[in-house]
Amino acid sequence: MTLFLEQLVNGISLGSLYALFGIGFGLVFATLGVLNVAHGAYASWAAILGYFSVEYFGVPFPVAVGIGVFGGGIIAIAVDQIGFQPLRGRKTGMLGALITSIAFLIILDSLAGMVTNHQSWAFPSSSYPSGMVDLGIIRVPEMQIIIIVSTLICGVGIYALIQKTRIGAAMRAVGWSDEAAALSGVNPRMVILLTAFLAGATSGLAGVLGGAATSNISHMLGEGLLLKGFAAVVVGGFDDVRGTVIAGILLGICEVFVAQYLSTTYRDGFTYVLLLTFLVARPRGLFGSRDFMRA
Amino acid sequence: MKMLETSKRALLSAGYMALALGFAAPAYADPDAGEYRIGMVSDDSGPIASAGQSYHQGADIAIAEINSKGLAGEGVTLVLDVKDSGSDAARAVQAMTQFGSDRNILATTCCILSAIAAAVSPIAMSNELPLVIYGATRASLPQEPYVTSVVALPGPQEVAMSERIAKELKPQKVAYYLAGDNDIFMARAMAMKEVIEKSGAATVAEITTLTADTDFTGPATQGIATGPDLIVVMTTQQPTIGIITALRQRGYEGMIVTSEVLSPPAVFKKSGETISGIPFALSFQPGVSDSEAAVAFIEAYQAQYNALPDVYAAQGYMAIQFIAQGLKSLDGKPTRQDLAKAMWGTTEIAVNPYGGQPMESGQARTPNTLIVNWTKDGEVKLWEKP
């Protein structure tokens, strides 16, 4: 029973990272209409910025997280304005944006490889919460608790922002039609910048927390999150944060249990089968709107 | 009559001298002075760049030493022509094809991954271009006379370490972490398992991970739950570090045994005390290797890079020394074919930091075995039973 519970927490924690990453991924797709594969690079860069700030400037871990989150958001805005904004004016559609995002993924990954010297680094164990919390039946690493709580806060916060506020209404309006939103008095440019920042920041949070929890900060960190985050968005529904969070966590639990009770060999295969099943049988995902579409 | 005797003796002496000189000629042979280019397919970027850069830097140290000491011959200068494959087979094949077409390239060295080594070997063979494998460990990679390997086949060192661990620690329950997508590491783990099981220890878990994995919370929980008093981690570098870190963070205090992937100083810099006391077997390690060649190599490496070399740097260094030794044995204008034959026939790499590196049919044989561990202070010492 202890083993089951410990693996359950491991799964929830792993899935929370997928969810956190997927929130931003889905947000950009639903609002900006971009299937942005460069999203993975934001996580890598955020983790790298966080690591450097601890290693070279000795900042406390929460500050390093803040730097990573802010850095992820700024990079996302830069990519959007340099890469995607010119395409919006030309109405090149999703394919042009996808190809552009692939180019940015390669550029950002290469640059990240250069600054890390293609090595993998880790936060010094004394710099982040690396202890265990005794919950009676089981002991849980502090970082896992931080990851799970962060995901819940981000999930609830961004859901509330989108569904309950005027800014969220503007984001949904721009996601439907930026021209119509502009006619209604919404400033689409500001909404786009805010959305890009939020997406980059959540991806950055996943990167820094994941990098600390797994002792692996490298230019390839984001690649591992990319497919799983995408799967969380597809299974949960592109335009619903709740779905992404639930699907991400379920995905993490399934991965850990498949590895524990079946075999590691089937673990990634399970993710792909789940992804394919939803794409074929329920493309709008668990919570996605029936009428959701992108231009 | 006396004159005739004297002439006979003189003739005989001259004949013996000529004969002696004839036999001795190869030892004193030198290739024509000039610049000779060696192609290196490196792994300076990509998923195993941390090791790849060490190989490359070791090769650079060898080039500098050979050129300054004339180890490849009087007036001979070696130049390293590097193409980064990023551990991508297609890029490695492309690089080797370019080296094959470039007649200025006299020999090549390549590859950490066995699959890539196997992919580029036919290109070396078809271009009659000597290829020295510096990192890949799969058996049967050498092909006469063009493809040789300075990497000893894995197995004997882990077996020696396992025998010692089993004898001194007498483990009862052992868990194994395996690399499910790496047949070499899997074979090494199985060799260790066989030795440990023979000592009477029970195998309580075989947990498979993948090279690209980064989260080891689940595998660590799984392993600890089986209550092992010894854990063997036989995976590639990043998973090994991740598994050990996850095990220690979850409170596992038993003995862990692993491979030379833990040896680079960068690994200690990353992991610190977490990896102290964990034994691993290898042939070269600063702080432990004390042969004249080893000390010279370590000093040159430190002077150049302000860091200690690891076992991968030593292998890159030796690959170039092996080529230089082959070149030195040739006379006149060396050809790729002559160099390949000379290298294939080599039985010992003269300049090596291992304290001896025998070669047999183009394949390095297992040199001496050092069983070492990191201390908490970041030094490497010979392992002693705790």
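Every value quoted in this text rests on a predicted model; they were computed, and no experiment measured them.

A. Fine view of the side chain of threonine 137 of chain B. Looking at the element boundaries, threonine 137 of chain B is found in the loop between β4 (131-133) and β5 (147-149). Not counting residues within four places of it along the chain, the set of residues in contact with threonine 137 of chain B comprises Ser114, Val151, Ala152, Leu153, Pro154 and Ile184 of chain B.

B. The state of the cysteines, seen in detail. All names here are of chain B. The full count for this structure, using the stated rule, is one disulfide over all chains. Covalent S-S linkage joins cysteine 110 and cysteine 111, the inter-sulfur distance amounting to 1.9 Å. In this structure, the disulfide formed by cysteine 110 and cysteine 111 twists by about 70 degrees around the S-S bond and is classed as right-handed. Under the relative-accessibility criterion, cysteine 110 is labelled buried at 1%.

C. Representation of the side chain of threonine 258 of chain B. Residues and elements named next belong to chain B. Among the structural elements, threonine 258 can be located in the loop between β9 (255-257) and α9 (265-271). A distance of 2.8 Å separates a polar side-chain atom of threonine 258 from the backbone oxygen of valine 233. If near-sequence neighbours (up to four positions away) are discounted, threonine 258 is found in contact with Met161, Val233, Met234, Thr240, Ile244, Ile278, Pro279 and Phe280.

D. Main features of the packing of aromatic side chains. Inspection of every chain in the model, using the stated rule, returns 19 aromatic pairs over all chains. Ring centres of phenylalanine 70 of chain A and phenylalanine 197 of chain A lie 6.0 Å apart, and the angle between their planes is 65 degrees; this geometry places the pair in the edge-to-face category. Highlighted residues: phenylalanine 70 of chain A in helix α3 (residues 61-90) and phenylalanine 197 of chain A in helix α8 (residues 188-214), separated in sequence by 127 residues. For the pair tyrosine 55 of chain B and tyrosine 312 of chain B, a centre-to-centre distance of 5.4 Å together with 40 degrees between the ring planes defines the contact as tilted. In this pair, tyrosine 55 of chain B is assigned in helix α2 (residues 49-69) and tyrosine 312 of chain B in helix α11 (residues 311-328), connecting sequence segments 257 residues apart. We classify tyrosine 55 of chain B as buried; its relative accessible area is 2%. Three or more aromatic residues joined by ring pairs make a cluster, and in this case those are Tyr51, Phe52, Tyr56, Phe61, Trp121, Phe123 and Tyr128 of chain A. Its end group placed over the ring of phenylalanine 185 of chain B, arginine 188 of chain B keeps NZ or CZ at 4.8 Å from the ring centre.

Rules and cut-offs
- Residues numbered from 1 in each chain as written.
- Chains lettered and ligands numbered in written order.
- Predicted model: local features only at pLDDT ≥ 70, side-chain atom pairs only at ≥ 80, totals over all residues.
- Heavy atoms only, no water.
- Helix = DSSP H or I, 4+ residues; strand = E, 2+ residues; numbered from the N terminus.
- Contact = heavy atoms within 4.5 Å.
- Disulfide = S-S within 2.5 Å.
- Buried < 20%, exposed > 50% of the residue type's maximum accessible area, 1.4 Å probe, protein only.
- Polar contact = N/O pair within 3.5 Å; in protein donor to acceptor, adjacent residues only side chain to side chain.
- Phe/Tyr/Trp six-rings, centres within 6.5 Å; stacked < 30°, edge-to-face > 60°.
- Lys NZ or Arg CZ within 6 Å of the ring centre and 35° of its normal.

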